[in-house]
Amino acid sequence: ASDFGVRQDVESRDEVGQLSSAFNEMADRLQHLYCHLEDEVRRKTASLEDKNRELALLYDCAAFLQRRHTLATMCSGFLSRIAAHFGAAGSTVRILDPNNENMHMVVHDGLSSEMAEAERCMKIGDCLCGEAAARKISVVHKLEDMPHIGPLACSREGFATISVFQIHAQDQHVGLFSLHFLQARSFSERERALLETLAKLVGVAIENMRLAAREREMAISEERNLVARGLHDSIAQGLNFLNLQVQMLVASLAAGRPAEAAEIVPLLRAGVQES
């Protein structure tokens, strides 16, 4: 085994003394590196594994969100992936209704049915999630540090930490998602950046779904307009025909030609039935 504890005595300041000092400094650095090499390798390996897990999560979520889903299915799949990655015991996705200043809970996991029903529709500004939505910020609350607020539904559910992250699509505030933890939990800057990126991914997916729905509505509306115009034109032609036949009927009766009038009546009946 290598012995990095050997040192040279420095007895002078000449070339030999300088060489001894340099040798001792080199031995110090080698000893430090050797002693901490395993720890450094372990730290680098753990960091690389964390980055690989983050990249895998980003890829998995991006691939999932590109598929065709309903809103509830998409949000549920998104939540299950990030909750598993961060070890959350509960989670929610809420979509904003800016016209009514409400938040609608689209999906939830790990919440009691009573809490889910009570918070299915929440005013912006109410409770921790509503307050974060009103301020348009992402926050992490350790509930034990918030005794002045009073008992919260999340606290009664047994959660110790509530984290709320805003969902944006470009400049539009779409909604928010929350992760609930049974123990005190904090997030590193890298974890926060990852969650912010995931929030943007799901925000773009939700907005794309809305745009697709609007395009379908516009296509249906245009189709209905075309049908309406076609009906209007065909009925207008029929009415013109009936009007002409009525004029001819009046003229035949006025001239005392009942045979001509009798021939016009079936045409009127057919025109009315067709219209």
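To keep things clear, this report deals only with the structure shown in the data block. (Residues numbered from 1 in each chain as written. Predicted model: local features only at pLDDT ≥ 70, side-chain atom pairs only at ≥ 80, totals over all residues. Heavy atoms only, no water.)

Okay, the state of the cysteines next. What the rule picks out here adds up to 0 disulfides. Among the cysteines around Cys75, which has no disulfide bond, Cys61 carries the closest sulfur, lying 12 Å off. For Cys75, a relative accessible area of 0% translates into the label buried. (Disulfide = S-S within 2.5 Å. Buried < 20%, exposed > 50% of the residue type's maximum accessible area, 1.4 Å probe, protein only.)

For strand 5 (residues 161-169), the tally of buried residues reaches 8 of 9 residues, placing the bulk of the element in the interior. Relative to strand 6 (residues 172-181), strand 5 is paired through 9 bridges, and the arrangement is antiparallel. Opposite Ile167, over in strand 6, you have Gly175 as the bridge partner. Hairpin geometry of strand 5 and strand 6 is characterised by an intervening segment of 2 residues between the two adjacent antiparallel strands and by a positive phi of about 60° at Gln170. (Helix = DSSP H or I, 4+ residues; strand = E, 2+ residues; numbered from the N terminus. Pairing = 2+ DSSP bridges.)

What follows is about empty space enclosed by the protein. Overall, the coordinates contain 1 cavity of 30 Å³ or more when judged by the stated rule. Reported here for the largest cavity is a volume of approximately 30 Å³. Lining of the largest cavity is provided by Arg94, Glu119, Cys127, Leu128, Cys129, Cys154 and Ile162. Counting residues per element, the lining of the largest cavity draws most heavily on helix 4 (residues 127-135), at 3 residues. Class assignment of the residues belonging to the lining of the largest cavity gives a composition of 5 nonpolar, no polar and 2 charged. (1 Å grid on protein atoms, 1.4 Å probe; cavity = no way out; pocket = protein on both sides within 12 Å on 5 of 7 lines; lining within 4 Å. Points joined across faces, edges and corners; volume = space filled by probe spheres on them. Nonpolar A, V, L, I, M, F, W, Y, C, P; charged D, E, K, R; others polar.)

Taken together, the side chains of Phe23, Met26 and Leu30 make up a nonpolar region of the molecular surface, amounting to roughly 230 Å² of accessible area. If you trace the backbone, Met26 turns up in helix 1 (residues 15-65). Classification of Met26 as partly exposed rests on a relative accessible area of 39%. (Patch = residues over 30% accessible without salt bridge, like charges linked within 9 Å, V, L, I, M, F, W, Y side chains within 5 Å. Areas by Shrake-Rupley, 256 points an atom, 1.4 Å probe, with all protein chains shown as cover. Salt bridge = Lys/Arg side-chain N within 4 Å of Asp/Glu carboxyl O.)

Time to look at helix 2 (residues 71-86). Taking 1.5 Å per residue as the helical rise, helix 2 with its 16 residues ought to reach 22 Å, and the 23 Å between its terminal C-alpha atoms agrees with that figure. Of the positions making up helix 2, those classed as buried are Met74, Cys75, Gly77, Phe78, Leu79, Ile82, Ala83, His85 and Phe86. At the C-terminal side of helix 2, Gly87 shows a positive phi close to 75°. (Expected span 1.5 Å × (residues − 1).)

For strand 1 (residues 90-97), a buried count of 8 out of 8 residues is recorded, marking the element as mostly surrounded by other parts of the structure. The side-chain alternation of strand 1 yields two buried faces, one formed by Gly90, Thr92, Arg94 and Leu96 and the other by Ser91, Val93, Ile95 and Asp97. Inspection of the sheet shows strand 1 paired to strand 6 by 6 bridges, in the antiparallel sense. Bridging across to strand 6, Gly90 finds its partner in His180. With 7 bridges connecting them, strand 1 and strand 2 (residues 102-109) associate as antiparallel partners.

Now for the layout of surface pockets. Quantified by volume, the largest pocket comes out at close to 380 Å³. Looking at the largest pocket, it is lined by 14 residues, and the ones nearest its centre are Leu65, Arg67, Ala205, Asn208 and Met209. Mapped by element, the contributors of at least two residues to the lining of the largest pocket are helix 1 and helix 6 (189-254). It is helix 6 that contributes the most residues to the lining of the largest pocket, 7 residues altogether. Grouping the constituent residues of the lining of the largest pocket by class yields 8 nonpolar, 3 polar and 3 charged. Here the second largest pocket is characterised by a volume of approximately 170 Å³.

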